[in-house]
Amino acid sequence: MKIYKKYKTLINKIILITLILLSIFIYFKVDTINNIVNIVFIGFIFAYALNPIRNSISERFNISKRISSIILIIFIVTLILIMLYLVVPTILKESLNFGEMLDNIEKYISDLAIKLKINDISFFQSIYTQINEEVNRFLSGFSNNFIENMMGIFENLVSFAIVPIVTYYFLVDGDLIYNKILLILPTEKRVIAKKAINNIDRILSRYIISQLLLSLIIGVLTFIILMIIDVKFAFILAVLNGILNIIPYFGPIIGGIPAVIIALIDSPTKALWTIIGVFLLQQIEGNILSPKITGDSTNMHPIIIIILLLIGEKIGGFAGMVLAVPIGVIIKVIYDDINDYLF
């Protein structure tokens with residue numbers, strides 16, 4: 001007992017670290033826990049993003065947070081259903097051309113080889129054959145993964161249906177949960193915890209809202225550009241570019257590549273115009289939209305952001321890159337607040 005009292009702080013820290021590591025291990029190894037945590041996390045993200053809107057509705061119409069949360073969630077769900085109703089037929093219509101697109105890829109490679117007279121040289125012939133095989137293998141894998149992902153989406157419809165419910169409870173009882181978590185901390189530590197959480201909320205909310213708004217604008221502009229150039233799968237490519245634009249620096253570049261490839265399959269001229277359009281869009285975003293909308297919302301050096309993105313990609317792929325900057329913001333704010341508190 002005396003030993004425990006003497007090393008109480010150290011023992012508690014070891015127990016805490018052990019529990020955290022055990023939780024991480026269980027999260028990655030147990031699918032059921034993984035799914036539950038993901039649903040709760042997604043619900044929290046939605047609630048966090050919708051919280052300012054909910055507060056505005058409550059204040060403007062003088063209604064309770066519970067009622068305004070219900071109204072907001074019903075509105076969002078209805079909006080999503082309407083979008084799906086309008087969008088899914090378009091996606092299915094464009095998907096009908098997918099088989100034709102695959103045939104065009106192989107034909108384009110063959111025509112390119114003939115134009116460059118690659119078939120006349122055995123060395124380049126082998127390279128061409130290898131590239132052809134790799135393209136076919138990639139397309140086959142892409143098709144299989146696409147089908148598997150679509151099946152996975154339908155299998156997880158029940159899980160998706162739970163997200164609005166989780167979001168609702170986070171919206172309604174968010175303050176209660178927040179206060180309960182603070183009670184875990186010692187009284188003297190709650191002041192710094194509140195300050196850190198408030199700072200995180202201020203910076204993170206500004207970053208998330210600005211990135212979502214910027215991605216929406218980029219998605220719409222991409223769709224307009226691709227429609228003008230008459231690139232196939234314009235809607236899908238625009239949505240993809242908008243989503244990838246959430247990732248700073250790398251997102252706009254990665255998001256433009258599929259559009260160029262699809263345009264190249266149709267014609268080199270169309271691909272050239274697509275490159276010009278994507279380049280101009282990136283310049284508009286980087287020099288006009290991004291400074292106006294996002295500004296320096298994270299207060300982090302670009303090198304730090306790039307390092308965070310690379311680490312995030314290695315750990316969690318696309319999701320890791322999306323979450324890398326917000327997690328970096330949280331760590332930075334906590335560090336700054338603790339540093340101010342101690343020194």
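Residues numbered from 1 in each chain as written. Predicted model: local features only at pLDDT ≥ 70, side-chain atom pairs only at ≥ 80, totals over all residues. Heavy atoms only, no water.

With an unreviewed UniProt entry as reference, the protein chain is termed Putative Permease, source organism Clostridium chauvoei JF4335. The record held by UniProt for the protein chain lists under Subcellular location (unreviewed entry) the comment "Cell membrane". Word for word, the UniProt comment on the protein chain under Sequence similarities (unreviewed entry) is "Belongs to the autoinducer-2 exporter (AI-2E) (TC 2.A.86) family." (UniProt positions renumbered as here; feature names shortened; annotations may be inferred.)

Turning next to the UniProt feature "transmembrane region" (unreviewed entry) in the protein chain. Feature annotation in UniProt assigns "transmembrane region" (unreviewed entry) to the following positions: residues 10-27, 33-50, 70-92, 153-172, 212-240, 246-265, 272-290 and 302-335. For residues 212-240, the end-to-end C-alpha separation is 13 Å, with 86% helix and 0% strand making up the annotated structure. Helix makes up 80% of residues 246-265 and strand 0%, and the two end C-alpha atoms of the span are 27 Å apart. (Helix = DSSP H or I, 4+ residues; strand = E, 2+ residues; numbered from the N terminus.)

This part takes up the pattern of salt bridges. Enumeration according to the criterion identifies 2 salt bridges in this entry. The shortest N-O distance in the salt bridge between Lys-65 and Asp-175 comes to 3.4 Å. Note that Lys-65 is positioned in helix α4 (residues 65-95) and Asp-175 in helix α7 (residues 157-184), a separation of 110 residues in sequence. Looking at Lys-65, the relative accessible area reads 38%, which means it is partly exposed. Of the charged contacts in the structure, one is a salt bridge between Lys-270 and Asp-230, with a shortest N-O distance of 4.0 Å. Residue Lys-270 is located in helix α11 (residues 268-293), and its partner Asp-230 is located in the loop between α8 (187-229) and α9 (234-244); the two are separated by 40 residues in the primary sequence. (Salt bridge = Lys/Arg side-chain N within 4 Å of Asp/Glu carboxyl O. Buried < 20%, exposed > 50% of the residue type's maximum accessible area, 1.4 Å probe, protein only.)

Below, the discussion takes up the packing of aromatic side chains. For the coordinates displayed, the defined rule picks out 4 aromatic pairs. Arranged with centres 6.2 Å apart and planes meeting at 80°, the rings of Phe-223 and Phe-235 form a pair that is edge-to-face. Placement of Phe-223 in helix α8 and of Phe-235 in helix α9 is noted, with a sequence separation of 12 residues between them. The class for Phe-235 is partly exposed, based on a relative accessible area of 23%. Feature note: the residues Phe-44, Tyr-48 and Phe-170 constitute an aromatic cluster, connected by ring pairs. (Phe/Tyr/Trp six-rings, centres within 6.5 Å; stacked < 30°, edge-to-face > 60°.)

Moving on to the confidence of the model for the protein chain. Here the protein chain averages 75 in pLDDT, and 70% of its residues register 70 or above. Mean pLDDT per element in the protein chain: helix α1 (residues 2-6) is the minimum at 55, and α9 is the maximum at 84. (pLDDT = per-residue confidence, 0-100.)

This part covers the packing of α8 against α9. Packed helix pairs are specified by the crossing angle of their axes together with the interaxial distance, meaning the distance between the axes. It is the contact of α8 with α9, at a shortest axis distance of 8 Å, that shows an interaxial angle of 150°. By the criterion of interaxial angle, the relationship of α8 to α9 is roughly antiparallel. Helix-helix and strand crossings are classified by hand; for α8 and α9 the assignment is right-handed. Together, Ser-215, Ile-218, Gly-219, Thr-222, Phe-223, Leu-226 and Met-227 of α8 and Ala-234, Phe-235, Leu-237, Ala-238, Asn-241 and Gly-242 of α9 make up the contact between the two elements. Here the residues of the contact of α8 with α9 are counted per class, giving 8 nonpolar, 5 polar and no charged. (Axes fitted to C-alpha atoms, helices over the stretch in contact; angles between N-to-C directions. Parallel < 35°, antiparallel > 145°, perpendicular 65-115°, else oblique. Left-handed = near helix turned anticlockwise from the far one by under 90°. Contact = heavy atoms within 4.5 Å. Nonpolar A, V, L, I, M, F, W, Y, C, P; charged D, E, K, R; others polar.)

Moving on, we get to the side chain of Thr-167. With respect to the secondary-structure elements, Thr-167 resides in helix α7. With sequence-adjacent residues up to four places away left out, Thr-167 is seen in contact with Gly-43, Phe-46, Ala-47, Leu-50 and Ile-73.

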